[in-house]
Amino acid sequence: MKNKVEMTAWYDQLGPDEQQKLRAALEKDPELARTYQQWRKVRQKLRQQLPEGRLLVLYALEQAPGEKMLTQQEQTRLNRARQQLEAAFQEHPGLEHVMQRLEDDRKTFEQVWQQHKGTARKPSQPQQFLQWVSHPYLKRAAAVLLLFLGSLAVYTAVTGPASNHQTTVQTAAGETQQIALSDGSTVHLMEASSIAYRSGADQFDRSVRLKGKAFFEVAKARQPFQVETKVAAVQVVGTTFGLQTTNGETRLTVAEGQVLLANTDQPNQTVLVGPGQASWVKGNKPPPQARTVDLAEQLAWSGQLFFRQHTLSTAARYIEKYYDVTVVVDRSLANEKVTGTFTRQQPAKEVLQTIAATLGVQLEKLPTEEYRLSP
Amino acid sequence: MAASTKFSAALVRRAQNGSKKARRQLVHQLEPLLRAYFIKRLGKNTVVDDLVQNTLLRMHRGLEDLQQPERFKAFVMKAAMFELQDYYRGRYKMREQLYEPDTVLHDKGSAKDTGLAVDLERALATLTPTSRRVLELREYGYRYQEIGEMLDLTEAAVKMRVKRAFKQLRQLFASSSTLLILGGAVTLWAVSAAILVLHRIS
């Protein structure tokens, strides 16, 4: 249960009951009420200083590569506000993240547009998109699915022309591609790989066939998401996981949620793999029971660092290994627990700053690529 | 008949020129695209329907003003992104409006206390860079969980930042009021002393 200080600090996200409690607390405590009002004033003042969201959208679209996105009127408006905007970017560090978010908004739209722009067809009776999702809750879960397919040939469901509403996306050597599926899922297709699925919002059945390697970010839904290769069938019930296949073995490691794994020869003999666990399929044998693994070690190849209650000293060793830096952890902090997911694209300093901020400790960088974490 | 893309300039022009059939076709074809987009950005929740509807309304109302039909994609993209921004700000603003603390303070007759001047610039300057980021992102309407994703922090860490910022500012406010009280006391003493001296002189 939140105390008075917490309720006051987080006043902007209280539910109706908690708001009542806060009101009662403020009525009894004039000093707290005064502090609350000052806190609100600070927030309001900050809001007044920040540029309008729509203006930031225009700025983001102006900066985007490719075709010109702004009308003359919009460009004029932006030009008039440019000086103030650029001053705001200097003064408000949060704007960097807003712009990144807007860039993600834009990129997502581009992807979805590419998928849907297809061939025109006559309007039919309006269909309820996702009408099979009858359950009242449906929350988004980040799911990472990696499929490595090595020496075994993989069945690829490449069908005919677009009139069958089947889409195949293929990448060349050295190329990666991000594909937005109409159920909200995303496929990060790695190099020299391909993926096939039924396309269109009312056609996609949450089933894909993969050749090669891919990350899947699967939107959680009532209908399972299925990925098939020639040797393995994976059914996602809302997860984050990695899958790699080499030398006739398919290995599954789950970061969050649960995954059902089966050998394609024995599809009914499934193994449920939970968070922090791994299992595998080899030859014609069913997968063994899942066992607990170190995610940071097992999923390091994915380009992401998964820390799940790792001690700070252990997390520091991984960071040293992957970034080729030195990280010194004060003895008093060695057993502090770290949970978080980082991408290797983030610089080491950023990763360590995030960890330091989360734990409320100090980060010091020395000239010789050495970092120190201290209380 | 050769197949055309769903959002061809010709179709857009027909819609602009009053063809109801063309307009219905545009709306019908946009609906799944927009739905997929908002689901991708927000997850599947009840607001997606509203956002899709609002964006389609924007498109419908603004279509005549689109001077270059071949830029229909840009037109729709902006409508969708504006809708997202309005949604973020709106959900935060709605929560703020649910509680009006000024009413409480006024009822208790402490309105004079609320006139305490706060150096707001100084208040903001006391925040750590991360806390500042969190508060700024919050003012754009992002949820604490979303802010955590943006800053690669857990939601709990984000809320902790807010709480610490609140406590820091609370201390600042308290020291400001102490100084004012002390200042007031000094002034009062000085005035009292002056009156006494004048009295003695007279």
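Residues numbered from 1 in each chain as written. Chains lettered and ligands numbered in written order. Predicted model: local features only at pLDDT ≥ 70, side-chain atom pairs only at ≥ 80, totals over all residues. Heavy atoms only, no water.

1. Let's talk about the pairing of strand E17 (residues 370–374) of chain A
All names here are of chain A.
Okay, so step 1: Across 4 bridges, strand E14 (residues 326–329) lies against E17 in parallel orientation. When the bridges of E17 are listed, Val-328 appears paired with Arg-372.
Okay, so step 2: The loop that links strand E16 (residues 362–366) with its antiparallel partner E17 comprises 3 residues; one of these, Glu-369, has a positive phi angle of about 55°. (Pairing = 2+ DSSP bridges. Helix = DSSP H or I, 4+ residues; strand = E, 2+ residues; numbered from the N terminus.)

2. Topic: the environment of Gln289(A)
Residues and elements named next belong to chain A.
Okay, so step 1: Its place among the elements puts Gln-289 in the loop between strand E11 (277–282) and strand E12 (291–292).
Okay, so step 2: The spacing of Gln-289 and Val-273 is 16 residues in sequence and 7.9 Å in space, taken between C-alpha atoms.
Okay, so step 3: For Gln-289, the contacting residues outside a window of four places in its chain are Val-271 and Ala-278. (Contact = heavy atoms within 4.5 Å.)

3. Examining the confidence of the model for chain A
All names here are of chain A.
Okay, so step 1: Here chain A averages 77 in pLDDT, while 79% of its residues score no lower than 70.
Okay, so step 2: Per-element confidence in chain A is highest for helix H4 (residues 53–63), whose mean pLDDT is 94, and lowest for strand E8 (residues 232–246), whose mean pLDDT is 68.
Okay, so step 3: Overall, residues 121–164 carries pLDDT values under 50, and its contacts beyond four positions in sequence, including any with other chains, amount to 105 contacts. (pLDDT = per-residue confidence, 0-100.)

4. Points about the confidence of the model for chain B
Residues and elements named next belong to chain B.
Okay, so step 1: Summary statistics for chain B give a mean pLDDT of 77 and a share of 70% for residues scoring 70 or more.
Okay, so step 2: Taking the mean pLDDT of every element in chain B, the minimum, 42, falls on helix H5 (residues 101–107) and the maximum, 93, on helix H1 (residues 9–16).
Okay, so step 3: Under a pLDDT of 50 for its full length, residues 97–117 has, in the predicted model, 30 contacts with residues more than four places off or in other chains.
Okay, so step 4: Every residue in residues 180–188 scores below 50 in pLDDT, and together they form 1 contact with partners more than four places removed in sequence or on other chains.
Okay, so step 5: What the predictor reports for the complex is a pTM of 0.52 with an ipTM of 0.79.

5. Regarding the packing of helix H6 (residues 94–116) of chain A against helix H8 (residues 144–151) of chain B
Okay, so step 1: Contact pair H6(A) / H8(B): the axes reach a minimum separation of 10 Å and the direction vectors enclose 95°. As the angle between them shows, H6(A) and H8(B) are arranged roughly perpendicular. Between H6(A), through His97(A), Val98(A) and Arg101(A), and H8(B), the contact on the second element is made entirely by Glu146(B), Glu149(B), Met150(B) and Leu151(B).
Okay, so step 2: Split by residue class, the contact of H6(A) with H8(B) holds 3 nonpolar, 1 polar and 3 charged. (Axes fitted to C-alpha atoms, helices over the stretch in contact; angles between N-to-C directions. Parallel < 35°, antiparallel > 145°, perpendicular 65-115°, else oblique. Nonpolar A, V, L, I, M, F, W, Y, C, P; charged D, E, K, R; others polar.)

6. Some thoughts on the nonpolar core
Okay, so step 1: Counting 90 residues, the largest nonpolar core has Phe109(A), Leu30(B), Leu34(B), Phe38(B), Leu63(B) and Phe72(B) as its most contacted members.
Okay, so step 2: By residue number, the principal contributor to this core is helix H4 (residues 72–97) of chain B, which donates 11 residues. (Core = buried A, V, L, I, M, F, W, Y, C linked by side-chain atoms within 4.5 Å. Buried < 20%, exposed > 50% of the residue type's maximum accessible area, 1.4 Å probe, protein only.)

7. Remarks on a positive patch on the surface
All names here are of chain B.
Okay, so step 1: Together, Arg-14, Lys-20, Lys-21 and Arg-24 line one region of the surface with positive charge.
Okay, so step 2: The element that contributes the greatest number of residues to the positive patch is helix H2 (residues 20–42), accounting for 3 residues.
Okay, so step 3: Taking the relative accessible area as the measure of exposure, Lys-21 reaches 60% and is therefore exposed. (Patch = residues over 30% accessible without salt bridge, like charges linked within 9 Å, V, L, I, M, F, W, Y side chains within 5 Å. Areas by Shrake-Rupley, 256 points an atom, 1.4 Å probe, with all protein chains shown as cover. Salt bridge = Lys/Arg side-chain N within 4 Å of Asp/Glu carboxyl O. Lys, Arg positive; Asp, Glu negative; His and termini not counted. Charge placed at Lys NZ, Arg CZ, Asp CG, Glu CD.)

8. Considerations on the packing of aromatic side chains
Okay, so step 1: By the definition in use, this model includes 15 aromatic pairs over all chains.
Okay, so step 2: Taking the centre distance of 6.5 Å and the plane angle of 55° together, the rings of Trp113(A) and Phe72(B) count as tilted. Highlighted residues: Trp113(A) in helix H6 and Phe72(B) in helix H4, drawn from two different chains.
Okay, so step 3: The class for Phe72(B) is buried, based on a relative accessible area of 1%.
Okay, so step 4: Where Phe307(A) meets Tyr318(A), the ring centres are 6.3 Å apart and the plane angle is 45°; that geometry is what we call tilted. Of this pair, Phe307(A) sits in strand E13 (residues 304–311) while Tyr318(A) sits in helix H8 (residues 312–323); the two residues are 11 residues apart in sequence, bridging distant segments of the chain.
Okay, so step 5: The exposure class of Phe307(A) is buried, given its relative accessible area of 0%.
Okay, so step 6: Judged by its relative accessible area of 9%, Tyr318(A) is buried.
Okay, so step 7: The rings of Phe109(A), Trp113(A), Phe7(B), Tyr37(B), Phe38(B), Phe72(B) and Phe75(B) are connected pair by pair, giving a single aromatic cluster.
Okay, so step 8: In this structure, Arg54(A) is placed above the aromatic ring of Phe82(B), and the distance from its NZ or CZ to the ring centre is 5.1 Å. (Phe/Tyr/Trp six-rings, centres within 6.5 Å; stacked < 30°, edge-to-face > 60°. Lys NZ or Arg CZ within 6 Å of the ring centre and 35° of its normal.)

9. Let's talk about the pattern of salt bridges
Okay, so step 1: Inspection of the entire model under this criterion finds 26 salt bridges over all chains.
Okay, so step 2: Close ionic contact of Arg23(B) with Glu64(B) constitutes a salt bridge, the shortest N to O distance being 2.5 Å. Of the two residues, Arg23(B) sits in helix H2 while Glu64(B) sits in the loop between helix H3 (47–62) and H4, which places them 41 residues apart along the sequence.
Okay, so step 3: Salt bridges linked by common partners bring Asp12(A), Arg43(A), Arg47(A), Arg138(B) and Glu139(B) together as one network.

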